[in-house]
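Chain residues, written in single-letter form:
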Amino acid sequence: MPFRCGVHGSQQNRKGAKLEMLTSPEPKGLVPFTKESLELMKERIAKKHSEDDEAEDLQPSIDLEVGRELPFAYGNLSPGMVSAPLEDVDPYYKNKNTFIVLNKKRTVFRFNATSAWCTLSPFDCFRRTIIKVLVHPFFRLLILISVLTDCIFMTMTNFADWRAVLENALLGIYTFEILVKLIARGIWAGPFSFIGDPWNWLDFSVTLFEFIIRYSLPGFASILNTARTLRILKTIPLNQGLKSLVGILNRCVKKLIGVITLTLLFLSIFSLIGMGLFMGNLKHKCLRWPQENENKTLHNRTGNPHYIQEVENFYYLEGERYALLCGNRTDASQCPEGYVCVKAGGNPDYGYTNFDNFGWAFFALFRLMTQDYPEVLYHQILYASGKVYMIFFVVVSFWFAFYMASLFLSILAMAYEEEKQTNTEKAKKIEPKYQQTLKEFQEGKEAAETKTIQIEMKKRSPASMSTSVDLLDDGTFAHKEEVKESRKKCPLCWYRFAKTFLIWNCSPCWLKWKEFVHMIIMDPFTDLALAICIILNILFLALEHYPRSEGTNSLLSIGNLVFIGIFTAEMILKIIAMHPHGYFQVGWNIFDSLIVFHGLAELYIVTVQGMALFQLFRMLRIFKLGKYWPTFTNLMWTLGNSLLALKNLILLLFTFSFFSAVLGLKIFGVNYENCVCNIDKGCQLPRWHMHDFFHSYLNVFRILCGEWIETLWDCLEVASRVTCIPFYMMVILIGNLLIFYLFLALVSSFSSYKSATIEENNEAKNLRLAMARIKKRINSMLLKTLCKKQNAPKETMENVNDMHVKETLSDNTLFELSDTQDFFKEKEKSSGMEKHTMTENESQSLIPSPSVSETVPIASGESDIENLDNKEIQSKSGDGSSKEKLKQSSSSECSTVDIATSEEEMIYEREKPKHLKNGHGWRSSPGQISRESKKGKIWQNVRKTCCKIVENSWFKCFIGLVTLLSTATLAFEDIYINQRKTIKILLEYADMIFTYIFILEILLKWMAYGFKAYFTNAWYRLDFMVVIVFCLSLIGKFREDLKPLISIKFLRALRVLSQFERMKVVVRALIKTTLPTANVFLVCLMIWLVFSIMGVHLFAGKFYECIDPTSGERFPVSEVMNKSQCESLVFNESMPWENAKLNFDNVGNGFLSLLQVATFNGWITIMNSAVDSIAVNMQPNFENNIYMYCYFINFIIFGLFLPLSILTGAIVANFKKHKIKQGGSNIFITVKQKKECRGLKKFMSEDSQRPIPPPRNKLQGLIFVLNAC
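Parameters at a glance
Residues numbered from 1 in each chain as written. Predicted model: local features only at pLDDT ≥ 70, side-chain atom pairs only at ≥ 80, totals over all residues. Heavy atoms only, no water. Patch = residues over 30% accessible without salt bridge, like charges linked within 9 Å, V, L, I, M, F, W, Y side chains within 5 Å. Areas by Shrake-Rupley, 256 points an atom, 1.4 Å probe, with all protein chains shown as cover. Salt bridge = Lys/Arg side-chain N within 4 Å of Asp/Glu carboxyl O. Helix = DSSP H or I, 4+ residues; strand = E, 2+ residues; numbered from the N terminus. Disulfide = S-S within 2.5 Å. Buried < 20%, exposed > 50% of the residue type's maximum accessible area, 1.4 Å probe, protein only. Phe/Tyr/Trp six-rings, centres within 6.5 Å; stacked < 30°, edge-to-face > 60°. Pairing = 2+ DSSP bridges. Axes fitted to C-alpha atoms, helices over the stretch in contact; angles between N-to-C directions. Contact = heavy atoms within 4.5 Å. Parallel < 35°, antiparallel > 145°, perpendicular 65-115°, else oblique. Left-handed = near helix turned anticlockwise from the far one by under 90°. Nonpolar A, V, L, I, M, F, W, Y, C, P; charged D, E, K, R; others polar. Polar contact = N/O pair within 3.5 Å; in protein donor to acceptor, adjacent residues only side chain to side chain.

Section: a nonpolar patch on the surface
There is a patch of nonpolar side chains on the surface, built from Leu561, Phe584, Ile590, Leu594, Phe597, Leu600, Leu603 and Tyr604 and spanning about 770 Å² of accessible area. Among the elements that line the nonpolar patch, the one with the most residues is helix α21 (residues 587-605), at six residues.

With respect to the state of the cysteines
Applying the stated rule across the entire model yields five disulfides. Across the disulfide, Cys677 is cross-linked to Cys683 (sulfur-sulfur distance 1.9 Å). Handedness here is read from the sign of the S-S torsion; for Cys677 and Cys683, about 115 degrees, the answer is right-handed. The partly exposed category is assigned to Cys677, whose relative accessible area is 42%.

Re the packing of aromatic side chains
Per the counting criterion, the structure on display carries 64 aromatic pairs. Centre to centre, the rings of Phe278 and Phe392 are 5.4 Å apart; their planes meet at 70 degrees, and the pair counts as edge-to-face. With Phe278 in helix α10 (residues 257-278) and Phe392 in helix α15 (residues 390-460), this residue pair connects regions lying 114 residues apart in the sequence. Classification of Phe278 as buried rests on a relative accessible area of 0%.

Focus: the sheet that holds strand β2 (residues 98-102)
If you walk across this open sheet you meet the three strands as β1-β2-β3, and the pairing is antiparallel. Edge positions in the sheet fall to β1 (85-87) and β3 (108-112), since each has one partner strand and no second. Across the sheet, the mean angle from the axis of one strand to that of its neighbour is 45 degrees, orientation sign disregarded. Taken strand by strand, helix α3 (residues 125-135) contacts β1, β2 and β3, and its axis lies near 145 degrees from that of β3.

Here's the deal with the packing of helix α41 (residues 1078-1099) against helix α43 (residues 1147-1158)
α43 packs onto α41 with a crossing angle of 110 degrees between their chain directions and a minimal axis gap of 9 Å. Between α41 and α43, the angle is such that the two are roughly perpendicular. Once α41 is placed against α43, the crossing between them reads as right-handed. Each of Leu1085, Trp1088, Leu1089, Phe1091, Ser1092, Ile1093 and Val1096 in α41 lies in contact with α43, whose residues at this interface are Val1147, Gly1150, Phe1151, Leu1154, Leu1155 and Ala1158. Tallied by class, the residues present in the contact of α41 with α43 amount to eleven nonpolar, two polar and no charged.

So, the side chain of Asp90
Residue placement: Asp90 occurs in the loop between β1 and β2. A distance of 3.0 Å separates a polar side-chain atom of Asp90 from the backbone nitrogen of Ser61. For Asp90, the residues in contact, after removing those within four places along its chain, are Pro60, Ser61, Leu64 and Arg110.

What about the pairing of strand β4 (residues 284-288)?
Counting buried residues in β4 gives four out of five residues, a clear majority hidden from the surface. Bridge count for β4 against strand β5 (residues 339-343) is five bridges, and the pairing is antiparallel. Bridging across to β5, Lys285 finds its partner in Val342.

Brief notes about the pattern of salt bridges
Enumeration over the complete set of coordinates arrives at 31 salt bridges. For Glu707, the salt bridge is made with Arg702, and the minimal N-O distance between the two is 3.3 Å. Glu707 sits in the buried class, given a relative accessible area of 7%. On the basis of relative accessibility, which here comes to 3%, the residue Arg702 falls in the buried class. As a salt-bridge pair, Glu951 and Lys956 come within 3.8 Å of each other at their nearest N and O atoms. Taking relative accessible area as the criterion, Lys956 reaches 30% and is therefore assigned partly exposed.

Considerations on unusual backbone geometry
Residue Pro547 is bonded to the preceding Tyr546 through a cis peptide linkage, with omega at -5 degrees. Mapped onto the elements, Pro547 comes out in the loop between α19 (524-542) and α20 (550-583). For Arg106, which is not a glycine, the phi torsion comes out positive at approximately 65 degrees. On the accessibility criterion, Arg106 (12% relative accessible area) is buried. Backbone geometry places Glu1183, a non-glycine residue, at a positive phi of 50 degrees. By the element assignment, Glu1183 lies in the loop between α44 (1163-1172) and α45 (1189-1221).

Have a look at this one:
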C-alpha cells in the first residue's frame, strides 16, 4: 500500500506540473507562503520601482478571482495546504504583496501581506488561526443563517418575549464576524484589507450604530430598527454571483449618466414651461353664487372671505372626492348655472398636483414621464386651462417620455451586450485550456489507478505469468466499470435494485404480452388519440362557468372520470411496455404519472372540507399537450436555461424588493396606524398601506408595476415628504433598472432561440407520422375521385404537382413563405415548368406577327418583392432557364425599370404556356395570322397604353393624392354630420368620385398586367379589397337593410399603406418578422388559458355584491350577509344584487379580466373584488380573502412578464434572421436605397488612390506641383 501511494503521488505531481504549463504563462505550483517568499516579493517590488520603462499590461486572471474555485490545473490540495497561506499563483499579483488561502472547497481567498495599521504579520500564529476560521465554509454558513433569521425577524410586527435575547445573539454574531475580519485581513493594509471592501464599511457602521443606540440612546429605537434593515443587504457579499452582478450594474449606471443628465435637463425645461402655463390654474373651482331672487343674507355671506374657503360651497360631480375644476377660457370647463369660476381652495389630490412652484411642477412632469395615471392630470389641466394645451401633453408623453425611455433602454441594452460579449470572449479563452487540462488530468488519474491495480495483481499472483496479461486486462476493465458506476448520481445499490426489481423479464408469455402492448401503445394513431383526448380535456376544463345546471355538472364530473381513466390506462400500458425502469427515465412520463396520481387522489380528497383548491392542479393536464408540441418543449427548455443562468439577477431583484418592503414597514408602519384618519374618514386602513409586511410588499410590487402616485399621496398625508419621496424614488429607479436589465437579459436569451434546440421526442414524431398517413390517405382518395371525373392525365398530374408544392411549402417557415420570388421559383421547379421553353409557334399565339417580339412587362415598382437584383435572380435559379427567359424578353416603351429586376414579367412569362390549350402548342397558317394580326396588334397597343398610364409617375402621384384625400375625408364625419348638410353632401359626392377613380385604376391595371399577375401581388389584393369596401359603403347609403355596411368604409384608410414605398417596406418587414412567432404566441395563450381556468375555479360567482342604490356603495356585511338578505332590500323595484363588470364567471370573461390586469389599467378594481370575495351568493367583505393577491402576482410574473419576454425575444430573433437573409443590410430601406448603398459600397471598394493627372495650364500645373510636394 505505501508503494501504491507513492506511485499515485508521483503521478499526480507529474500531472500537476504538466497542467501548470497549460494554465499560466509562468508555470508555478502551489507553494507555501514563507518569510523567504515575502523577501523575494519585496525584492521584485523594489526592482519594479527602479525600472521605470517596464510596461504593466497584465490583467487579473478571471479564474483566480476571489470567491472562485481553484482550477483543476493546479492539482489536488494536500491536507497541509488547506487553510494555510500560499504564494499567489496569479501573475498579476506576484508583485502586489498578497497571498492566497484555500479552503476545503478550493475557494480562493486573497489577503494582504503588509504589516501596517495594527495588522498582524502573515506568519503570526494568532492571525493564521483566525484566517482558518474566516475561510472555513461553516463560518460563512453561520453568517448566512444569522442574516436570514434576522430578515424573518424584521418582517414581524408582534414581538415575543424572546425578542431581546434574539437581538443580542445576532448582535454578538455580527460583532464576532467583524472582529474575525479585522484580525484576519487587517484594518488598512491594502485592497484586500477590512477597509478595502465597502461591504465591510456597511457592516461596521450598522453594528456600531446599534451599539450606540442600544446602550447610549435607548429613546431612538425606531431609528435603530430602520438602520437594521440594511443587514438584509449582507446577503449580497455572501454570494459571489450577487456581488459581481452589483459591480456590473454599477458600471451600467455609469454609462447611463449622460442619459440621466439629459432627462433631468428636459424635465427642468418642461417644468418651467408648465409653471408658466398652468401656475395656479388647478385652484379654479365652481363656487355657488347667489342669484338676484335669493335673500340678502347669502349676498352678505359672499362678501365674507371665509365663504370662498368653505368646501361645501363648491360644485362636486356625483361620486367625486374633489370639486369640479373650471377655467376662464372659452375652451375650458364651464361651471353650471348658479356657480361662478373662482380661484379658491387647495389643489387637487391632497394639494400635491399643481404647477405652483418648480418642485411640484418637476414632480408632475416626472409622473407624466412614467405614465402613472396621466389621463387624470390631462383632464385636470384641460378643465382648468383649456383644450389647446393638449399639445403640451402630447409633446411630453409621446415625444419626450417615449424618446427618453427608448434611449435609456438602448444604452442599457448596449451595456448588457458589452458585458455579455466580454464574458463570452473570456469564456472562449478559458474553455479550451480547461477542457484540455481537465482531460489530461482525468487521463493521468485513470492511468495512475490502472498502473496501481496492475502492480497489486502482480503481487497477488507472481507465479501465474502466462495468464497475467488477461487478468490485468480483466481487472482494469472491472475497475473502470466500478469507477464509471461510482460517478453516477445515485448509490450503486439503487441501480442494482432497479435492475433487479424494475425491469420485468419474467417469462416468455409476459414478453409476448409486453410486445403486444408495446405495439399498441407506441402506435402513431394511439398518440394521435391521446392528443385528441388531451385537447378534449382542455375543452372540458374550459367549460367551467357560473351558473351551471345539474346536467352540466354531471357532464363535467363524468368527463373528469373518463379522462382520469384514459390517462391511468396510458400510464399502466406504458409501464408494461417499457418496464418501470425505462418508463421513469423519461421526464414527460414522470409528469404524466404525477397527473394520474393527482387525479386518483382528487377522487378521495375533494370531498374533504377545505380541500377544494386541490382541484386547481387539474390545470397541469393542459401542459400534457407539450410533449406533442415541439415548440412548447423548446420554449420551456430555453426558459429554464435562461432562468437558471439569470438566477443571480432574479435573486438580486427579490432581495431588493424584500429590502424595500421591510424598509417601508419600519419607516411608515407606525405612521399609518397613528395618522390613518388623515386619509380615511372612518379611520380604517386603506387597501394599500405599509402597516404590516404583506401589505408593504404588495405596495412595493405595485410601485414596480408602474402605479405609485396614489399610494405616494397617502404616504405624504401620514408621513413627511423627507421620507416618502426619497423612498419612492429609490424603489422606482433601482427597481425599474433591475427589471429592465432582467427583461433585456431574457430577450437576449430568447433571441438566440432555435426551433431545433432539442431533439424531438417519440410522441411528437408519432403524431406527425399519424397526420402524414391521414393526409396521404385523403390525397389518394381525392386523386382517385379526380381520375374518375377527368380524362386528361396531364391535368391530373398538374393537380398532383400543385399538391406537392403545397406540401413542400407547409414545411417551410412563414418567413420563407413571405418571399414571393422564392415561392414561384419553387413552384416552377416542382411542377417541371423550367423544362418548357417558348417556341416560335407558341409565341405566335400571343404575338400577332412573327417579327414582333415585344411583351408587356409589369413594373417592379408595384411589385410585392422589390429587393432582388440581377445577381440575386441568377443565383437563385438552379439552371439557366430563368436567365434565358430574361434574355428572350425585351423591355417595352412603357417599362420604367430594368427588365432584370421585373418580377411580374417573370410571372407573365410563366403564364405563357398556360394560355395554350391543354398545354399543347398549335400552329397557325399564314392566312390565319394575316386575319388575326390586326386584332392582336390593337389589343397589344391597348395593353401597352394602359401600362404607360399606370407606370407614369404623374398617375402614381395622382392616385397617391386621391388616396390621402379619401382618408382625410373620414376625419370630417362625426356625430354632428347630420346637422351639417353641405359638408355631408360634399362628402357623399367625394366618396362617389373616389370610388370611380379607384375602379378606373383597377381596370387599367387589369388591362396592363392581366388578372393573374394582378392578384399575385399582395398590395394589389389590398387595393382591390379597399375598392370593394368603397362599393359596399356606397350601396349601404341607398338601402336601409344594408346600412351597417357604411361602418366598414373606415377600412379604406388601409390603402395608404400600398401607395408609399417606405410604408410598404416597414409593413412587409413587420409581417415577415411577426407572423413566424405564431407558435410562440399560442404557447403564451396557453399560459393565459391556465390562469383563466384557475380564476374560474377560484372566483366564479363570487364577485356579486349588494349595492346601495342611493349611495352606490356596497352594504357592509353587518347589514347584508348573502343574496337572500339582499333581495329583501329592494329599492324602487330594482335588484341591488349586482355582478362586477369584469369577473371570472367563465373562461371568456376570465380572459378579459386578465387582459385588464395585463394593461395595468383598472386592474386594482378586479383585485379588490377577488380579495373581498367569500363564497357564491355571499356578500363580499373587506380583504376577507387577502392572499388572493398572490394569484395576480403570479399572473403578472408568469403570465405577463415572462411571455412578453419570450415574444419580444422571438421577434428580435426573426429580425436578425431576416437581416442576415438580406445580407446584413437594413430591412427598413427601399429598393432604390439598396441600389444606392450597393453603388456607394462599390465606389468605396475601388482604389481611391489613383494618380490625378496634372493640369495642362502651366500656372495651374505649378500650383499642382507645389501642393503635391
